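Here are the chains, one letter per residue:
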Amino acid sequence: LTKKVRILCKNNHEWSSELKTIKKRDCTICKEQNRQQEKQNQEQEKQQRLKEEEGLQQKLFEEARKKFQTHYKAQKSDDNSEQNQKQNLQQIIKNHAIYDFQLTLRKYELIATEQAKEFCSKINSFDEFQNILAVYKFSLVPEECIKNFFINLDVDSVKNEFRKLAKCLHPDKNKHPDAGTVFHKVHRVYDMILKLK
């Protein structure tokens, strides 16, 4: 017969074990309770950390929101200044002038492209196609349209736009026989606009 021994732990948990296999060991119930307690403590710590992180995130969000509102108010007060209103209006007019001009150029693009292709085929060279295309486009665009484009720009922008056009329309840069005529057409408008400015 195997003898069994009753064991009682310090928390009054009782269990029995065979005398041959008895060893000094902790109570399994106490172990499980300790493990559960430790798990619970870890969960509480995790929840505490999450709460702290959430609080920190909320604080950072509030700081960012306040900075944005301060910046927005400062910008709004700047926008209300008369000088900024004038600059904004000038920029809108400039953008509108460029957009209108580009629309007009697109309107003549198909006809000009066909004419440029035909001319390049005759001379057996498509190297200068873009410059030749510019000649045909600006020969079709009315002078009034070029004038409306230039007049809505500030002096520096007028000069920049004219330089761009001169690079492709000037007879020294363009081999097309009508390049000189078209260049003088644009130059005439340019001179007139600079006198008005």
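Residues numbered from 1 in each chain as written. Predicted model: local features only at pLDDT ≥ 70, side-chain atom pairs only at ≥ 80, totals over all residues. Heavy atoms only, no water.

Engineer: Go over the layout of surface pockets, please, and point to the residues and values.
Structural biologist: Over the atoms, a rolled probe matching the size of one water molecule traces out where space is still vacant. Space inside the second largest pocket adds up to approximately 170 Å³. Every residue along the wall of the second largest pocket is listed here: Ile98, Phe101, Gln102, Leu105, Phe138, Phe149, Glu161, Lys164 and Leu165. Every element with two or more residues in the lining of the second largest pocket is listed here: α2 (82-123) and α5 (155-169). If you tally residues by element for the lining of the second largest pocket, the top one is α2, at 4 residues. (1 Å grid on protein atoms, 1.4 Å probe; cavity = no way out; pocket = protein on both sides within 12 Å on 5 of 7 lines; lining within 4 Å. Points joined across faces, edges and corners; volume = space filled by probe spheres on them. Helix = DSSP H or I, 4+ residues; strand = E, 2+ residues; numbered from the N terminus.)

Engineer: Describe the nonpolar core, listing the residues and the values that go with them.
Structural biologist: If you look at soluble globular proteins, the nonpolar side chains tend to sit buried side by side. Counting residues in hydrophobic clusters, the biggest one holds 25 residues, and the most contacted among them are Phe101, Phe138, Ile146, Phe150, Phe162, Leu169 and Val186. Those elements that place two or more of their residues in this core are α2, α3 (129-140), α4 (143-151), α5 and α6 (179-196). A per-element tally of this core places α6 first, with 7 residues. Not counting chain neighbours up to four residues away, the residues in contact with leucine 169 comprise Ala134, Val135, Phe138, Asn174, Ala179, Val182, Phe183 and Val186. Listed in part, the 8 residues of the second largest apolar core include Ala116, Phe119, Cys120 and Phe129. (Core = buried A, V, L, I, M, F, W, Y, C linked by side-chain atoms within 4.5 Å. Buried < 20%, exposed > 50% of the residue type's maximum accessible area, 1.4 Å probe, protein only. Contact = heavy atoms within 4.5 Å.)

Engineer: With reference to specific residues and values, describe the pattern of salt bridges.
Structural biologist: Summed over the entire model, instances satisfying the criterion amount to 7 salt bridges. For arginine 65, the salt bridge identified is with glutamate 62, shortest N-O distance 2.7 Å. In this pair, arginine 65 and glutamate 62 both sit in helix α1 (residues 28-79), 3 residues apart, roughly one turn of the helix. Classification of arginine 65 as partly exposed rests on a relative accessible area of 33%. Note that lysine 137 and glutamate 109 form a salt bridge whose closest N and O atoms lie 3.5 Å from each other. Of this pair, lysine 137 sits in helix α3 while glutamate 109 sits in helix α2, and the two are 28 residues apart along the sequence. Note on lysine 137: relative accessible area 14%, which makes it buried. (Salt bridge = Lys/Arg side-chain N within 4 Å of Asp/Glu carboxyl O.)

Engineer: Give a description of the packing of α5 against α6 that names residues and reports values.
Structural biologist: With their axes 10 Å apart at the nearest point, α5 and α6 run at an angle of 170° to one another. Regarding the angle of α5 to α6, the classification is roughly antiparallel. Contacts between α5 and α6 involve Val155, Val158, Lys159, Phe162, Leu165, Ala166 and Leu169 from the former and Ala179, Val182, Phe183, Val186, His187, Tyr190, Ile193 and Leu194 from the latter. Per-class residue counts for the contact of α5 with α6 are 13 nonpolar, 1 polar and 1 charged. (Axes fitted to C-alpha atoms, helices over the stretch in contact; angles between N-to-C directions. Parallel < 35°, antiparallel > 145°, perpendicular 65-115°, else oblique. Nonpolar A, V, L, I, M, F, W, Y, C, P; charged D, E, K, R; others polar.)

Engineer: Got a sec to walk through the packing of aromatic side chains? Specific residues and values, please.
Structural biologist: Applying the stated criterion across every chain, the model contains 7 aromatic pairs. When the centroid spacing of 6.0 Å and the interplanar angle of 40° are considered together, the rings of phenylalanine 162 and phenylalanine 183 count as tilted. With phenylalanine 162 in helix α5 and phenylalanine 183 in helix α6, this residue pair connects regions lying 21 residues apart in the sequence. For the pair formed by phenylalanine 162 and phenylalanine 183, the shared burial category is buried. Seen in terms of ring centroids, phenylalanine 162 and tyrosine 190 are 4.0 Å apart; in terms of plane orientation they differ by 10°. Their pairing is stacked. Here the residue phenylalanine 162 occupies a position in helix α5, and tyrosine 190 occupies one in helix α6, the gap between them amounting to 28 residues. The exposure classification of phenylalanine 162 matches that of tyrosine 190, with both residues buried. Among the aromatic residues, those joined into a cluster by ring pairs are Phe101, Phe138, Phe149, Phe150, Phe162, Phe183 and Tyr190. (Phe/Tyr/Trp six-rings, centres within 6.5 Å; stacked < 30°, edge-to-face > 60°.)

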